[in-house]
Amino acid sequence: MNLAQLATDNIKQFGEYPFLTYNDRDYTNVEVNRMANRLAHGLKSLGVGAGQSVVVSMPNCPEVIVSYQAILKNGAMVIPVLFLLGVPEVRYILQDSEATTIITSSMLLDKMREAAKDLPNIKHIIVSDGEASGVYSMAQLMQQGSDEFEMVETNADDVAVMIYTAGTTGRPKGVMLTHYNLYSNAKLAYVT
């Protein structure tokens, strides 16, 4: 059971339809799934796979959804990081989560680079919009892949997403949410 299977099941059940609108552009569910498959291939080429953590930190945009799905399709764990956090908070999460990869936007790239400086666990930084020296471009990674991707099968109790608490009384703590936990919540929300 892989949480990303929900997107595939949705396409099979309902076909193609407008999924989201961003900056006056519509994206269909099929288009987002293709983008996620292409990015999943790119992530796989970097060695991202089961048991690894990938930080996603960028303002709301379609690339957030694409990134989440691509990470999950590879069997890796999503670590969402609020883009408003400062360097010390981001650095703590990068260390604690043992993330190997960061996906971010060009406007946050300097902050992510500073937070990741000298951390041995960070192997790759991917920028979602544009290009920069020393990092990967999401567009370039997506060009490497095809529209189809064989999703990595995960166990129901494998962690899909780890969300960090606010840390108001101490250090933030990673709250682990499993594939089954999130899948059952999504299915329950769909039924009711």
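Residues numbered from 1 in each chain as written. Predicted model: local features only at pLDDT ≥ 70, side-chain atom pairs only at ≥ 80, totals over all residues. Heavy atoms only, no water.

Caption draft 1: View of the nonpolar core. Ranked by internal contacts, the top residues of the largest apolar core, which has 33 residues, are Leu39, Leu43, Ile71, Ile103 and Ile126. Those elements that provide at least two residues to this core are α2 (29–45), β3 (53–57), α3 (62–73), α6 (138–143) and β8 (159–164). With 6 residues, α2 is the largest single contributor of residues to this core. The next biggest cluster of nonpolar side chains, apart from the first, holds 21 residues, and it includes Val55, Tyr92, Leu109 and Val127. (Core = buried A, V, L, I, M, F, W, Y, C linked by side-chain atoms within 4.5 Å. Buried < 20%, exposed > 50% of the residue type's maximum accessible area, 1.4 Å probe, protein only. Helix = DSSP H or I, 4+ residues; strand = E, 2+ residues; numbered from the N terminus.)

Caption draft 2: Fine view of α2. Taking 1.5 Å as the rise per residue, α2 with 17 residues should run 24 Å; its terminal C-alpha atoms sit 24 Å apart, in good agreement. For α2, the complete set of buried residues consists of Asn29, Val30, Val32, Asn33, Met35, Ala36, Asn37, Leu39, Ala40, Gly42 and Leu43. Just past α2, the residue glycine 47 takes up positive phi, approximately 90 degrees. (Expected span 1.5 Å × (residues − 1).)

Caption draft 3: Here's a closer look at the pattern of salt bridges. All told, the structure shown has 2 salt bridges when counted by the stated rule. Notably, a salt bridge pairs glutamate 31 with arginine 25, separated by 2.7 Å at the nearest N-O pair. Residue classification places glutamate 31 among the partly exposed residues on the basis of a relative accessible area of 22%. A salt bridge links arginine 38 to aspartate 147; its shortest N-O distance comes to 2.8 Å. Pair noted here: arginine 38 is in helix α2 and aspartate 147 is in the loop between α6 and β8, with a separation of 109 residues, a long-range link. Residue classification places arginine 38 among the partly exposed positions, given a relative accessible area of 26%. (Salt bridge = Lys/Arg side-chain N within 4 Å of Asp/Glu carboxyl O.)

Caption draft 4: Molecular detail of helix α4 (residues 87–97). Looking at α4, one finds that the buried residues are Val90, Tyr92, Ile93, Leu94 and Ser97. Following α4 by one or two positions, glutamate 98 has its phi on the positive side, about 55 degrees.

Caption draft 5: Highlighting the pairing of strand β5 (residues 101–104). Residues of β5 alternate between two faces, with Thr101 and Ile103 on one and Ile102 and Thr104 on the opposite face, all of them buried. The pairing of β3 with β5 spans 4 bridges and is parallel. Within β5, the position partnered with serine 57 by the bridge is threonine 104. In this structure, β5 lies alongside strand β6 (residues 124–127), joined through 4 bridges in parallel fashion. Each bridged residue has a counterpart across the sheet, and for threonine 101 the counterpart in β6 is histidine 124. This β-α-β element, β5 to helix α5 (residues 109–116) to β6, shows right-handed connectivity. (Pairing = 2+ DSSP bridges. Right-handed = clockwise from strand over helix to strand, strands pointing away.)

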